[in-house]
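Residue strings, one per chain:
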Protein chains: 2
Amino acid sequence: MRIGELSERTNTSRRLLRYYEEQMLIVSTRMPNGYREYDERFVDRVMQIRGLLDAGLPIRIIKQILPCLDKPRTIHFPDATPEMLDTLRRERDRMTERINCLIRNRDSVSEYLAEVSKGWRPGTAPSSAPAQERVPAGA
Amino acid sequence: MRIGELSERTNTSRRLLRYYEEQMLIVSTRMPNGYREYDERFVDRVMQIRGLLDAGLPIRIIKQILPCLDKPRTIHFPDATPEMLDTLRRERDRMTERINCLIRNRDSVSEYLAEVSKGWRPGTAPSSAPAQERVPAGA
DNA sequence: TTGAACCCTCACATATATGTGAGGGTCAAC
DNA sequence: GTTGACCCTCACATATATGTGAGGGTTCAA
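Structure report, in brief. This one's a predicted model, so the numbers in the text were calculated from it and none came from an experiment.

1. Description of the overall build of chain A
For step 1, the next point in the chain: If you tally the helices and strands in chain A, you get 5 helices and 2 strands.
For step 2, the next point in the chain: Sequence-ordered secondary structure for chain A, helices as α and strands as β, is α-α-β-β-α-α-α.
For step 3, the next point in the chain: The burial tally for chain A puts 42% of its 139 residues in the buried class.
For step 4, the next point in the chain: When the accessible surface of chain A is summed, it comes to about 7,900 Å², and 52% of that surface belongs to carbon and sulfur atoms.

2. Brief notes about unusual backbone geometry
For step 1, the next point in the chain: Positive phi is not limited to glycine here, since A:Asn11 has a value of about 55°.
For step 2, the next point in the chain: For B:Met24, which is not glycine, the phi torsion reads 65° and is therefore positive.
For step 3, the next point in the chain: With respect to the element layout, B:Met24 can be found in the loop between helix H2 (14-22) and strand E1 (29-30).
For step 4, the next point in the chain: For B:Met24, a relative accessible area of 61% corresponds to the exposed category.

3. Looking at the protein's contact with DNA strand C
For step 1, the next point in the chain: Near DNA strand C lie 20 residues; those nearest to it are A:Tyr35, A:Ile59, B:Gly4, B:Arg14 and B:Arg36.
For step 2, the next point in the chain: Atoms of DNA strand C within 4 Å of the protein belong to the sugar or the phosphate in 67% of instances, the rest to bases.
For step 3, the next point in the chain: The contact in question runs from a phosphate oxygen of DNA strand C to an N or O atom on the side chain of A:Ser13, over 2.8 Å.
For step 4, the next point in the chain: Taking A:Ile59, its main chain carries an N or O atom lying 2.6 Å from a phosphate oxygen of DNA strand C.
For step 5, the next point in the chain: Of all elements in the fold, only helix H2 (14-22) of chain A together with helix H1 (3-10) and H2 of chain B reach the threshold of two or more residues within the surface near DNA strand C.
For step 6, the next point in the chain: Examining the composition of the surface near DNA strand C, we find that 4 residues originate from one element, H2(A), more than from any other.
For step 7, the next point in the chain: Tallied by class, residues from the surface near DNA strand C come to 9 nonpolar, 4 polar and 7 charged.

Each value, and the rule that gives it
Positions within a chain are numbered from 1, following the residues in the order the chain's sequence is written. Both sets of labels track the order of writing: A upward for chains, 1 upward for ligands. Local features in this predicted model are restricted to residues whose pLDDT is 70 or higher, and side-chain atom pairs enter the listing and the counts only when it is 80 or higher, whereas totals over whole chains, interfaces and linings include all residues. Working from all heavy atoms in the structure, the side-chain values ignore hydrogens and water. Secondary structure is summarised from DSSP: a helix means a run of H or I of at least four residues, a strand means a run of E of at least two, and numbering begins at the N terminus for each. Buried means the residue's accessible area, taken with a 1.4 Å probe over protein chains only, is under 20% of the maximum for its type, while exposed means over 50%, and partly exposed covers the values in between. Exposure was quantified through the Shrake-Rupley algorithm and a 1.4 Å probe, taking into account, for residues, occlusion by the shown protein chains and nothing else. The nearness test applies per residue and asks whether one of its heavy atoms lies within 4 Å of the molecule or strand. Within 3.5 Å is the distance limit for a polar contact, defined as a pair of N or O atoms, with the added protein rule that one can donate a hydrogen and the other accept it, and that residues adjacent in sequence qualify only through two side-chain atoms. Here the term charged refers only to Asp, Glu, Lys and Arg, the term nonpolar to Ala, Val, Leu, Ile, Met, Phe, Trp, Tyr, Cys and Pro, and the term polar to all other amino acids, Gly among them.

So, in structure tokens, the structure goes:
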């Protein structure tokens, strides 16, 4: 597909797709006329990138963990230097810290909302349906 | 305490503490000479802010959820407009999405690391191998 | 009384992720 | 063959979090 379709399907501006390519998070082949050509799996890939970005990871880190995230898990031994593995371990721990921080704070917000809706004027229905929970905490 | 001590105890530059104040995440009283004065609880408060920031939340959101995070849970009913509660609910859901995204990806990284360490040449300790291999992209 | 170690404000600089637009090709439909 | 919807590169603009430094007070101890 061309960049326009990928853009629509991932809800990501063309500008950003080109930026991610420049940052080497994704690649594209070129058609004879110079247009970028993407194959299907880039839809998921781009959405994964968006998710990580939204979760607060910077591009330079995403670039490093992206090779670990292939779905049929193809490990590239030659690519994994000990330095990269160390970085990966540190980053995994950092992600765990972020997760725990977010969980703690989200739970506080949830609690607050629960208490407010309990004590709130009983005439008004607060319509709060917690979209929550699926949280083991392991490293 | 003055800004220098808070800075050291929270590992946050003075510049940033002033910035957080300007953004109204924290407040300070002033001593007669104009120096900022903070009380103990700002140590935790600032660390909480740092955690949320590191987890990817922007300051304008942190500002909104901060009132829900007081430890002895003092709910300010008059402050909570229905709009703010809606924002809060949306933000809680957004945090949950981030959490799940981070968990998913962290688990993938963990898995990758586990598989690499299993399949690695058993003679070599993972952080002391001769660092001479093809390195196409990485740190 | 001088100097070190604090503090103040103000303002410009940087990095990162993103938007916007100019100037210009390609291609299919009318 | 013109039009409209695509695409390209390049470059400047914006927002956010942060660094850095100038120019200048305050406090305290040697």
